[in-house]
Amino acid sequence: MSNSPRTTANAFRQEDSALHQEVTREQNTLDRLFARREILLDEVRSQLQQAGIDDSPEAAARITGLVRRRTELDRADSGLCFGRIEELNGVRLHIGRVGLPGEDDSADPLLVDWRAPIARKFYTATAARPQGLRSRRHIRTEGRAVLGVDDEAFDRHDRGGDLVGEAALLEALDARRTGAMGDVVATLQSEQDEVIRAPHGGCLVVQGGPGTGKTAVALHRAAYLLFTYPQLAERGVLVVGPSPTFLRYIEQVLPSLGETQVVASTVDRLLPGVDAKWSDDAQVAKIKGRAVWAVILRRVVEARSPVLTTVEVHHGEDLVSLDQEQVAEALAAARAAGTSHYDARAAFRLRMIDLLTRQVVEHSKQMLSTVEAGFEDVLSRVDAAMARGNDALPSRVDSDGVDVDGVATAADISALRQDLAHSGEVSAALDQLWPVLEPTRVLAELLSSPALLAEYAPELTPDQRSAIQKENTSDWSEQDVALLDEVADLVGTPSAVDTVGDSETLSDRAMADRTWTYGHVVVDEAQELSAMQWRMLVRRCPTRSFTVVGDVNQTESPGGSASWDTALEPSFGRRFRRGELTICYRTPHEIMERTGPVLAAAGSTVAPPRAVRSNGVQPWRRFVSEVSLRADTIGAVREMADRYRGGQIAVIGADSTCSQLRDFPEDVDAEVAILTPAESKGLEFDAVLIVEPHAVIAQRRGWNALYVAMTRCTQELGVLSSRPGPDELSWS
Ligand SMILES: Nc1ncnc2c1ncn2[C@@H]1O[C@H](COP(=O)(O)OP(=O)(O)OP(=O)(O)O)[C@@H](O)[C@H]1O
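Residues numbered from 1 in each chain as written. Predicted model: local features only at pLDDT ≥ 70, side-chain atom pairs only at ≥ 80, totals over all residues.

Undergrad: Quick question: what am I supposed to make of the sheet that holds strand β4 (residues 133-142) here?
TA: Adjacent strands of a sheet form backbone hydrogen bonds with each other and so pair up, either parallel or antiparallel. What the five strands build is an open sheet, ordered β3-β2-β1-β4-β5; its pairing is mixed. Edge positions in the open sheet fall to β3 (112-113) and β5 (145-153), since each of these has one partner strand only. Of the strand pairs in this sheet, β4 and β5 are connected by eight bridges, and their pairing is antiparallel. Residue pairing for β5: Ser 135 is matched across the bridge by Ala 153. (Pairing = 2+ DSSP bridges. Helix = DSSP H or I, 4+ residues; strand = E, 2+ residues; numbered from the N terminus.)

Following this line, the structure appears as structure tokens:
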């Protein structure tokens, strides 16, 4: 039976009114939720005011917990509630950014936190596997207003797709880009949820093609772990990204989820006091990234062994000395502990002062006859006090009237040791015998000396050694930082934490402390890291609790890896779990289907990820003359800016092309960025214009770079070339 226009119109009206009723119903719920949130916020604020009177660790932990709760309630102002599930028995649960308990403890929660186990079904139920749900609803809101609802019913077996909340998802994906990544908590997909909720111990590596949500998933996982394992908040979660631009792009995601206990950094910013000023060229970066540096640098540090020599020091009129045998014995004792260079040197210094003190006392004729018995006892107590304070000499020993011999008391001996500890002659003797190792000096000396490189780095060929040799050793490159960190670890250099006050954030404290260890580390674009950078990261989390996301088909950096086994095995052995993301959310089908040949040319045997949406906009290519390239680029960008007003546009090309296009006119109604493929890593734009693809391909790992460039846009891809080819970009 066909519907007459009148009955169709009636049906629409009925549907409209049913929809209207549902929107009103959700609006009432949202109003109640906001009212409850206000009450809870007031409670937390007053608890915070009352706290802080005592400064016990328990009180500090409680305050940290309250501050976190206040932040998450505060930040939930937008998108407080975004979903609802209805179970077969009719029970309905609203899902949101934070959990809101009911008014009394026994009541059901008014709003379930998206990270709670019970919320999982919201992200994973499908018509084929409804998991006891009758329906799922996505609730679209703006501020405190409900705009609409999208329902999926699971008791009618008429939907078979693998997308969750397809309408809400597609709407989110089609939205204009703002230049900042947002959270996707309302529309997470089932395969993403699986990664986010994986157990936190050990290393989880997630491979996924461009736009499959790796960054989004990694950040939501950080929020999930902090919620599920609150103890992680104390040490924080480190998020490592490929560039400062990328970190700015993602910086709002975790705060919008209410998380503050997260430190975001590039890997080269993780060594306090060292600022990487430049990048090595590809050949040098590749050499410096090799794992063999761990062996080379250990060799260098170990070769700085103390020089066996006698020690002579004045104390007043006295000349006291240690012979080689005594020095050798003290050295052996200091090193036996198996501690770092720095700690062993500190232990040796104490031992040396101890022996010299003994000599001074022995020189005192008055003490000679009676000193031994009491002296040992006092020394052992002084030693114990020193061992507790490591390098620090106690300013005073509690003598309790202990007379060593009726002339020298414990206090006398303590004062004597203080004298010797501050003696310039003792310091000079120590420096000569066992020089302090300053990581920057050690590496600078090595890299500037062909002779030292030949001696300590025989694993490198002469050509490689001359490639890395450098005269100006006061500036450090990104790859140098990982080498410096390795030296600092071998030497055991203490961290300069003193500059950070109590009131500073977790991020301030962690970033000022080389030895800070995190509860969990998330690494994005992880395929780009060199072996030495991996070592550096593992030192930041010795429990090896890592989430590693990336795409080995996008690897561009010289020290990076084309396989996860190669990248991870040196640091994690075989002890890592794998996850995979297979659906591309960013780039439309029209573009993704053109990336296959480029990926194949890059040497990959896998297919690009399947695009979730199609927008009907075909990628285009124009041939222009080299002379008019700049003008044509400007013209093409203007056209794109007209189509994506207020949006984000990227012009991507090789270094040489980018330099030609600098000082791009800004009088277009869109943000325009001119980037190399490496700079565009992890970012996305409404439209992308690739200029001179042949120059991109000509670079090292150029096909991978082209693949990265092609997959940055959410709507439109254009290509401008002054030369024909390559065939992989012949679309017609
Ligand atoms: N479940 C989702 N709901 C809505 N948007 C999503 C979802 N998953 C991913 N996105 C969006 O898709 C885009 C791509 O995500 P993301 O940047 O995390 O991908 P990626 O795998 O890290 O990409 P690349 O490797 O190219 O850097 C982003 O705009 C992200 O917000």
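We are not done yet, so read on.
Undergrad: Even after reading the chapter, I still don't get the UniProt feature "binding site: ATP" (unreviewed entry) in the protein chain, so can you show me in this structure?
TA: The UniProt record marks Gly 208, Gly 209, Pro 210, Gly 211, Thr 212, Gly 213, Lys 214 and Thr 215 with the feature "binding site: ATP" (unreviewed entry), using the residue numbering of this structure. Looking at the secondary structure, you find Gly 211 in the loop between β6 (203-208) and α6 (214-228). Looking at Gly 211, the number of C-beta atoms within 10 Å reads 28, which means it is buried. Ignoring anything within four residues of it in the chain, the contact list for Gly 211 reads Cys 584, Tyr 585, Arg 586, Thr 587 and Thr 711. Mapped onto the fold, Thr 212 is located in the loop between β6 and α6. We classify Thr 212 as buried; it has 26 C-beta atoms within 10 Å. (UniProt positions renumbered as here; feature names shortened; annotations may be inferred. Buried ≥ 20, exposed ≤ 12 C-beta atoms within 10 Å, placed from the backbone. Contact = placed C-beta atoms within 7 Å.)

Undergrad: Would you take a moment to explain the site of the ligand for this structure?
TA: The environment of the ligand is made up of 23 residues, and the closest members are Pro 210, Gly 213, Lys 214, Thr 215 and Tyr 585. Tallied by class, the residues present in the shell around the ligand amount to nine nonpolar, 10 polar and four charged. (Near = placed C-beta within 6 Å. Nonpolar A, V, L, I, M, F, W, Y, C, P; charged D, E, K, R; others polar.)

Undergrad: In this structure, what is going on with helix α27 (residues 629-643)? I would like to understand it.
TA: Every α-helix winds through 3.6 residues per turn, so residues three or four apart in the chain are directed the same way. Helix length check: α27, at 15 residues, gives a terminal C-alpha distance of 21 Å against a target of 21 Å (1.5 Å per residue), a fit within 8%. Within α27, burial applies to Thr 633, Ala 636, Val 637, Met 640 and Ala 641. Down the axis, α27 shows its buried residues gathered within 140° of arc, on one side only. What points out from α27, more than 90 degrees from its buried face, is the exposed set Ala 631 and Asp 642. Among the structural elements, β19 (648-652), α28 (655-661), β20 (671-675), β21 (685-691) and β22 (713-721) are those in contact with the buried residues of α27. (Expected span 1.5 Å × (residues − 1). Arc of directions from axis to C-beta.)

Undergrad: In this structure, what is going on with the nonpolar core? I would like to understand it.
TA: Nonpolar side chains tend to gather and get buried jointly when the protein is soluble and globular. Counting 150 residues, the largest nonpolar core has Ala 222, Val 487, Ile 649 and Val 688 as the members making the most contacts within it. Per element, the largest residue contribution to this core is 10 residues, and it comes from α6. Not counting chain neighbours up to four residues away, the residues in contact with Val 688 comprise Ala 650, Ile 652, Ala 709, Arg 712, Cys 713 and Leu 717. Grouped together as the second largest cluster of nonpolar side chains are 23 residues, Val 311, Phe 348, Leu 356 and Val 360 included. (Core = buried A, V, L, I, M, F, W, Y, C linked by C-beta atoms within 7 Å.)

Undergrad: Just to check I follow, could you spell out the sheet that holds strand β13 (residues 520-523) for this structure?
TA: The strand order across the open sheet formed by six strands is β8-β7-β13-β14-β6-β15, and the pairing between neighbours is parallel. For this open sheet the edge positions go to β8 (262-265) and β15 (576-581), each flanked by a neighbour on one side alone. Across the sheet, the axes of successive neighbouring strands diverge by a mean angle of 15°, strand direction being ignored. Strand direction decides the pairing type here: strand β7 (residues 237-240) and β13, joined by four bridges, are parallel. Its bridge partner being in β13, Val 240 is matched across the sheet by Val 523. The strands that α6 touches are β6, β7, β8, β13, β14 (546-550) and β15; relative to β14, the one it contacts most, it runs at about 165°. Contacting β6 and β15, helix α24 (residues 564-572) crosses the sheet at an angle of about 170° to β6. (Axes fitted to C-alpha atoms, helices over the stretch in contact; angles between N-to-C directions.)

Undergrad: I'm lost on the pairing of strand β1 (residues 81-87) in this one. Help?
TA: Side-chain direction in a regular strand flips from residue to residue, so the side chains alternate between the two faces of the sheet. Within β1, five of the seven residues are buried, leaving the element largely enclosed by the surrounding structure. In this sheet, strand β2 (residues 92-96) lies alongside β1 in antiparallel orientation, the contact comprising five bridges. Within β2, the residue paired with Ile 85 across the bridge is Leu 93. Hairpin connection between β1 and β2: a loop of four residues separates the two successive antiparallel strands, and Gly 90 in this loop has a positive phi of roughly 90°. Note that β1 and β4 share five bridges and pair antiparallel. Looking at the pairing, Arg 84 lines up with Arg 137 of β4.

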